[in-house]
Amino acid sequence: MMNDKNKMFCFQCEQTAGCSGCTGNAGVCGKTSSVSALQDELTGALIGLARACRDVPVTGRTSRIILEGLFTTVTNVSFDGDSIREMIRRVQEEKAAIVPGCRGCGAPCGQNNDYGMAGLWYGDEDIRSLKSLILFGIRGMAAYAYHAMVLGYSDETVNRFFLKALFSIGEDWGMEELLPIVLETGEVNLRCMELLDRANTETFGTPIPTTVPLTVEKGPFIVISGHDLYDLKLLLEQTEGKGINIYTHGEMLPAHAYPLLKKHPHLKGNFGTAWQNQQKEFAGIPAPVLFTTNCLMPVKESYSDRVFTTEVVAWPGLVHIDEDKDFTPVIEKALELGGYAEGREFTGINGGKEVTTGFGHGTVLSVADQVVDAVKTGAVSHFFLVGGCDGARPGRNYYTEFVKLAPDDSIILTLACGKYRFNDLDLGTVSGLPRLMDMGQCNDAYSAIRVASALAEAFGCSVNDLPLTLVLSWYEQKAVCILLSLLHLGIKNIYLGPTLPAFLSENVLGYLVEQFQISPTGTPEEDLKKMLGK
């Protein structure tokens, strides 16, 4: 129950306290109540900016500020109060430029005022639930739009929708008005994911299946984490010929499949597993770590001198690489630390020594005839999309066990960091096809949608009639916008875990169950029986 004695209120991630909301001195993610308040202030300022933009064209500068502001509030991105205050200042400065007469107006109308987020958190439960779906959805979508923008790609429809969505959150609207915007969030996010897919493939090439070692060679190295492929490109270029190897971490693993990136011989392999293990895996590491996006966890003293941030990622006291993208401090730290004296062999959580990635829609659809024939002949019985965010909450071993128990004649498609629960398993092949196909980062859900749509067309049926089941894990806001895109497409019978979002009210959850048959994950054994009709 919320009340005015709470020091903060946040329930946007899967690990929120008590599956209801973080309300104390700090959230489960590690952000303090003061940082949480600043994130609310920033969100309210963005709503004020959207109000000011109602009747004016959206400039590139305004769109960039909105994307950066929303991205800053994604879980595990920014923990630094000063950085968030600077972002608030930029938002307010932009609003003042758009409506310059507001600040000195003698008869203020309030139409362009910033929004007090208490009006959302302490409001009607069902309205709060729908507005939270919109807000968290556009926070996740903003990350995708930001990455596309960095590569020079933008979409006016997407940019205008951010304003529409923010404006709706500040209005006293009912469920009938808000529900269509919830589903529109999914529709626009699909367009945004397509934009980013095009930006990535046209910039870096079409991903190709690539086996990635988990061994770290001797000598200086840098670990790069997050999602930003352009930052990796720049880092590879700036470390060329310096005797420094580069290793991906977390959601950067799929970078190994892009031709423009994999051509660099010093892009060596992948270090570590999913984001929630970083405090253990980075302890004492003889190399710097560069965070380009989430998920950054509270930085431990044992490695705080070697963590660097860039873009909107921030932690108090860390060296931040600004927009000039001069990675010299990171490079110097790598040379100073020197890396391992001898090569180190690491494994995935199941003991595997290598992983494979690069099965985007370009690769899978190139063998579509083979896939269709395998299904028609009965060689392949079922497809499972098992993917999404990983996290620290107990119960996520469900996804490991699920994949292990899946029939030998089934194919597992996966994406995002949830794959680290099983991506080092050797599942073999079926009908000449790998049984485990890593499609990429979380935004590569677009690849899964493209493949599912193509198979449905080939079989002359709907996606819901395919031998395909979606088993999703969620943690932060990018998972929310992907889920909304799937709902926009009318995809049903999605299994979601390890817990259901705390921001779904009983009535809103009831609507989603009734309309889309969303189910919480149970046990792997029982869920497989339901999925396979046994």
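Here the structure is a predicted model, which is why all the values come from computation and not from measurement.

Participant: Is there a simple way to explain the pattern of salt bridges in this structure?
Facilitator: Inspection of every chain in the model, using the stated rule, returns 23 salt bridges. In this structure, aspartate 82 and arginine 85 form a salt bridge, with 3.0 Å as the shortest nitrogen-oxygen distance. Placement of both aspartate 82 and arginine 85 in helix α3 (residues 81-98) is noted, with a separation of three residues, approximately one turn of the helix. On the basis of relative accessible area, aspartate 82 is assigned to the exposed category, the value being 56%.

Participant: Can you help me understand the packing of helix α13 (residues 368-376) against helix α15 (residues 445-459) in this one?
Facilitator: Any two packed helices are characterised by the angle at which their axes cross and by the distance between the axes. Across the interface, α13 lies against α15 with an axial gap of 11 Å and an inter-helix angle of 60°. As summarised for this structure, α13 and α15 are arranged oblique, according to the angle between their axes. In the packing of α13 onto α15, the handedness of the crossing is right-handed. Two secondary-structure elements touch here, α13 through Val371, Val372, Val375 and Lys376 and α15 through Leu455, Ala458 and Phe459. Taken together, the residues of the contact of α13 with α15 sort by class into six nonpolar, no polar and one charged.

Participant: It is not clear to me how the sheet that holds strand β7 (residues 307-310) should be interpreted in this structure. Could you clarify?
Facilitator: The strands making up a sheet are joined through hydrogen bonds of the backbone, oriented either antiparallel or parallel. If you trace the six strands from one edge of the open sheet to the other, you get β5-β4-β3-β6-β7-β8, paired in parallel fashion. The sheet terminates laterally at β5 (267-270) and β8 (319-321), the two strands that pair on one side only. Between one strand axis and the next, the sheet turns by 30° as a mean value, whatever way the strands run. Against the sheet, helix α11 (residues 328-337) touches β3 (221-225), β7 and β8, its axis set at about 135° to β3.

Participant: What exactly am I supposed to notice about the packing of aromatic side chains here?
Facilitator: The description of two aromatic rings rests on the distance between their centres and on the angle between their planes. Within this structure, the stated rule accounts for 24 aromatic pairs. Grouping aromatic residues by their ring pairs yields a cluster made of Phe221, Tyr247, Phe271, Phe282, Phe291, Tyr303, Tyr340 and Phe346.

Participant: Please clarify how the sheet that holds strand β17 (residues 495-497) should be interpreted in this entry.
Facilitator: With respect to topology, six strands assemble into an open sheet ordered β15-β12-β11-β16-β17-β18, the strand pairing being parallel. The open sheet has two free edges, formed respectively by β15 (436-438) and β18 (519-520), since each of these has just one partner strand. Bridge count between strand β11 (residues 382-388) and strand β16 (residues 468-473): six bridges; the pairing is parallel. Residue pairing in the sheet places valine 386 in a bridge with valine 471 of β16.

Participant: What should I look at first to understand the nonpolar core in this one?
Facilitator: Nonpolar side chains tend to gather and get buried jointly when the protein is soluble and globular. Core analysis: the biggest nonpolar cluster contains 161 residues, and Leu133, Ile138, Phe162, Leu232, Ile246, Leu261 and Ile285 have the highest contact counts within it. The element that contributes the greatest number of residues to this core is helix α5 (residues 125-150), accounting for 15 residues. Every residue in contact with phenylalanine 162, bar those within four places of it in the chain, is listed here: Ile66, Leu67, Leu70, Ile138, Met141, Ala142 and Ala145. Of all hydrophobic cores here, the second largest spans 15 residues; its members include Phe384, Val386, Ile412 and Leu427.

Participant: Sorry, what's going on with the pairing of strand β10 (residues 354-357) here?
Facilitator: Within a regular beta strand, the side chains point alternately toward one face of the sheet and then the other, so they alternate between its two faces. Burial along β10 is one-sided: the face carrying Val355 and Thr357 is buried and the face carrying Glu354 and Thr356 is not. With four bridges connecting them, strand β1 (residues 210-213) and β10 associate as antiparallel partners. By the bridge assignment for β10, proline 213 is matched with glutamate 354.

Participant: Just to check I follow, could you spell out unusual backbone geometry for this structure?
Facilitator: As a rule of thumb, non-glycine residues mostly have phi less than zero, and peptide bonds are mostly trans rather than cis. A cis amide bond, omega 15°, links asparagine 294 with the succeeding residue cysteine 295. Within the fold, cysteine 295 resides in the loop between β6 (289-291) and β7. Cis geometry marks the peptide bond from glycine 497 to proline 498, where omega comes out at 5°. Locating proline 498 in the fold gives a position in the loop between β17 and α17 (506-516). Although it is not a glycine, glutamine 517 sits at a positive phi angle of roughly 55°. The topology assignment puts glutamine 517 in the loop between α17 and β18. Residue classification places glutamine 517 among the partly exposed residues on the basis of a relative accessible area of 27%.

Participant: What's the story with empty space enclosed by the protein in this structure? I'm lost.
Facilitator: Empty pockets left among the atoms are what a rolling probe the size of a water molecule brings to light. Inspection of every chain in the model, using the stated rule, returns eight cavities of 30 Å³ or more. Here the largest cavity is characterised by a volume of approximately 140 Å³. As for the largest cavity, its lining consists of 16 residues, of which His227, Glu251, Trp275, Cys295 and Cys417 are closest to the centre. Residues that form the lining of the largest cavity fall into these classes: seven nonpolar, six polar and three charged. Taken as a whole, the second largest cavity spans an internal volume of roughly 110 Å³.

Participant: Honestly, helix α7 (residues 175-204) in this entry has me stumped. Any pointers?
Facilitator: Every α-helical turn comprises 3.6 residues, leaving residues that sit three or four positions apart pointing alike. When the terminal C-alpha atoms of α7 are compared, their 43 Å separation across 30 residues agrees well with the 44 Å that a helix rising 1.5 Å per residue should span. Where α7 ends, the next residue or the one after it, glycine 205, has phi of about 95°, a positive value.

Participant: How should I be thinking about the state of the cysteines in this particular structure?
Facilitator: As used here, a disulfide is simply a covalent bond connecting the sulfur atoms of two cysteines. The final tally for this structure, using the stated rule, is zero disulfides. In this structure cysteine 295 is not part of a disulfide, and its nearest cysteine sulfur, from cysteine 417, lies 6.3 Å away.

Participant: Can you help me understand the layout of surface pockets in this one?
Facilitator: In this model, the largest pocket occupies a volume close to 600 Å³. Lining the largest pocket are 27 residues, and of these Glu68, Arg90, Glu311, Val312 and His320 lie nearest its centre. For the lining of the largest pocket, the secondary-structure elements that each account for two or more residues are α2 (60-72), α3, α5, α8 (229-239), β7 and β8. The leading source of residues in the lining of the largest pocket is α3, at five residues. Tallied by class, residues from the lining of the largest pocket come to 12 nonpolar, six polar and nine charged. One number sums up the size of the second largest pocket: a volume of about 420 Å³. Residue lining of the second largest pocket: 36 residues in total, with Leu385, Leu470, Leu472, Ile482 and Leu486 positioned closest to the centre. If you tally residues by element for the lining of the second largest pocket, the top one is α15, at seven residues. A breakdown of the residues in the lining of the second largest pocket according to their chemical character gives 32 nonpolar, four polar and no charged.

Parameters and conventions
- Residues numbered from 1 in each chain as written.
- Predicted model: local features only at pLDDT ≥ 70, side-chain atom pairs only at ≥ 80, totals over all residues.
- Heavy atoms only, no water.
- Salt bridge = Lys/Arg side-chain N within 4 Å of Asp/Glu carboxyl O.
- Helix = DSSP H or I, 4+ residues; strand = E, 2+ residues; numbered from the N terminus.
- Buried < 20%, exposed > 50% of the residue type's maximum accessible area, 1.4 Å probe, protein only.
- Axes fitted to C-alpha atoms, helices over the stretch in contact; angles between N-to-C directions.
- Parallel < 35°, antiparallel > 145°, perpendicular 65-115°, else oblique.
- Left-handed = near helix turned anticlockwise from the far one by under 90°.
- Contact = heavy atoms within 4.5 Å.
- Nonpolar A, V, L, I, M, F, W, Y, C, P; charged D, E, K, R; others polar.
- Pairing = 2+ DSSP bridges.
- Phe/Tyr/Trp six-rings, centres within 6.5 Å; stacked < 30°, edge-to-face > 60°.
- Core = buried A, V, L, I, M, F, W, Y, C linked by side-chain atoms within 4.5 Å.
- 1 Å grid on protein atoms, 1.4 Å probe; cavity = no way out; pocket = protein on both sides within 12 Å on 5 of 7 lines; lining within 4 Å.
- Points joined across faces, edges and corners; volume = space filled by probe spheres on them.
- Expected span 1.5 Å × (residues − 1).
- Disulfide = S-S within 2.5 Å.

Distances and angles like these do not, on their own, reveal function.
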